[in-house]
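Examining the three-dimensional arrangement
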Amino acid sequence: AHLPIAPIERITARFQITMRVADRPGVLAKIAEVFAAQDVSVARMSQEQAVEGASGATLIVVTHPATEGSLEQTVELLKNSDVVSEVVSVLRVEG
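**Some words on the side chain of T18**
Here T18 shows up in strand β1 (residues 12-21). Other than its neighbours up to four places away in sequence, T18 contacts T58, L59, I60, E86, V87, V88 and S89.

Right under this line is the structure:
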């Protein structure tokens, strides 16, 4: 079959993004704004405090289905955010 291949930016999937964030009021709101601005909906989110002596927290976000292109833009904005110190991983969630 000679079917066209869709560009990766248009592929839809759920994603899990793990990041290190500042642990202060307003951080979750800023992060939610970044997702919303790229039309990426959050399915669930969990936050774990850093180990004693370390600053910040680890935030894990799982999205509803979103395009790869929207997710890439979201991750770039998160990397440049003043509340995210590091985007640790971005995983495509299957099933």
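**Examining the nonpolar core**
Among the nonpolar cores identified, the biggest contains 21 residues, and I17, M19, V21, I31, F35, L78 and V84 are the most heavily contacted of them. Among the elements of the structure, β1, α1 (27-37), β3 (57-63), α2 (68-79) and β5 (84-93) are those that each provide at least two residues to this core. With five residues, β1 is the single largest residue contributor to this core.

**Some points on the environment of R20**
Checked against the element boundaries, R20 lands in strand β1. Residue classification places R20 among the partly exposed residues on the basis of a relative accessible area of 38%. Sequence separation of R20 and A36 is 16 residues, and the distance between their C-alpha atoms is 19 Å. With sequence-adjacent residues up to four places away left out, R20 is seen in contact with A57, T58, V83, V84, S85, E86 and V88.

**Some remarks on the pattern of salt bridges**
Applying the stated criterion across every chain yields a total of four salt bridges. Of the charged contacts, one joins R20 and E86 as a salt bridge, the two residues approaching to 3.2 Å between their closest N and O atoms. Here E86 lies in strand β5 and R20 lies in strand β1, a separation of 66 residues in the sequence.

Rules used in this analysis
- Residues numbered from 1 in each chain as written.
- Predicted model: local features only at pLDDT ≥ 70, side-chain atom pairs only at ≥ 80, totals over all residues.
- Heavy atoms only, no water.
- Helix = DSSP H or I, 4+ residues; strand = E, 2+ residues; numbered from the N terminus.
- Contact = heavy atoms within 4.5 Å.
- Core = buried A, V, L, I, M, F, W, Y, C linked by side-chain atoms within 4.5 Å.
- Buried < 20%, exposed > 50% of the residue type's maximum accessible area, 1.4 Å probe, protein only.
- Salt bridge = Lys/Arg side-chain N within 4 Å of Asp/Glu carboxyl O.

These values are about where atoms sit, not about what they do.
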